[in-house]
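Structural overview
If you want the building blocks of each chain, they are given just below.
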Amino acid sequence: MDKIWNETIRKKICLVLTVCWMAVIFAFSARNAELSTGDSTSVGMMFGKMFVPGFDEMDTKEQMAFADMIDHPVRKTAHATEYAVLGFLIAGSYDDRTKKRLKLILVPLLTGALYAVSDEIHQLFVPGRSCQISDMLLDSCGVLAGTLAGMLIFTYKRRRVSRKQSA
């Protein structure tokens, strides 16, 4: 009974966190191009300070050139990461021992991919932003990675608990 109760609590918590995380993604997507670029630039500057020797001694123009140079990878990494988190949370809200493995992957993947599509369409209505199929695909890959990570973790934990109870 304890096992079922813990799983039910985990699923409810993950569902609430899924909805909250979707709101976070929506909020980031609602930022206009100028604000979004500012976010990416500040992350680029932070990376420069952390990983580039002598970054603080560079003049502002050189620092901005570095931030601009890594802007694209920063944005794409952010896309994949935010959707990996979403995939993990959706998997956590859906996963249980009674469902077939294929369903445990497909339902969170399709849910997350549909959200990615809706998010890109939402960006069509945000000044300076656009809808990109490449972002939908990248987001969906992030969802898949998060879903698979969640499945591995939840399955491992379930097996570990079962072994403890049978010992």
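Everything below is about the structure shown above.
Residues numbered from 1 in each chain as written. Predicted model: local features only at pLDDT ≥ 70, side-chain atom pairs only at ≥ 80, totals over all residues. Heavy atoms only, no water.

1. Quick word on the environment of Gln63
As for its position among the elements, Gln63 is in helix α3 (residues 60–69). The class of Gln63 is buried, set by a relative accessible area of 10%. Separated by 83 residues in the primary sequence, Gln63 and Gly146 place their C-alpha atoms 33 Å from one another. Ignoring anything within four residues of it in the chain, the contact list for Gln63 reads Met45, Phe55, Asp56 and Met58. In this structure the side chain of Gln63 is engaged in a polar contact, spanning 2.8 Å, whose partner is the backbone oxygen of Phe55. (Helix = DSSP H or I, 4+ residues; strand = E, 2+ residues; numbered from the N terminus. Buried < 20%, exposed > 50% of the residue type's maximum accessible area, 1.4 Å probe, protein only. Contact = heavy atoms within 4.5 Å. Polar contact = N/O pair within 3.5 Å; in protein donor to acceptor, adjacent residues only side chain to side chain.)

2. Some words on the nonpolar core
Residues Met22, Ile25, Tyr83, Leu86, Ile90, Leu109, Tyr115, Ala116 and Val143 constitute the largest nonpolar core, which totals nine residues. Contributions of two or more residues to this core are made by α1 (2–29), α4 (71–94) and α5 (101–123). Those residues in contact with Tyr115 that lie beyond four places of it in its chain are Met22, Ala23, Ile25, Phe26, Tyr83 and Leu86. Formed by six residues, the second largest nonpolar core is a distinct cluster that contains Met45, Phe55, Phe66 and Ile70. (Core = buried A, V, L, I, M, F, W, Y, C linked by side-chain atoms within 4.5 Å.)

3. A closer look at the packing of aromatic side chains
Under the defined criterion, the tally for this structure stands at three aromatic pairs. Ring centres of Phe88 and Phe154 lie 5.4 Å apart, and the angle between their planes is 35 degrees; on these two criteria the pair is classed as tilted. Taken together, the residues span a long stretch of sequence, with Phe88 in helix α4 and Phe154 in helix α6 (residues 133–166) at a distance of 66 residues. Using a relative accessible area of 10% as the deciding quantity, one classes Phe154 as buried. A cation over a ring is seen here: Arg10 above Phe154, with NZ or CZ 4.4 Å from the ring centre. (Phe/Tyr/Trp six-rings, centres within 6.5 Å; stacked < 30°, edge-to-face > 60°. Lys NZ or Arg CZ within 6 Å of the ring centre and 35° of its normal.)

In short, the description is geometric, and any link to function would need to be established separately.
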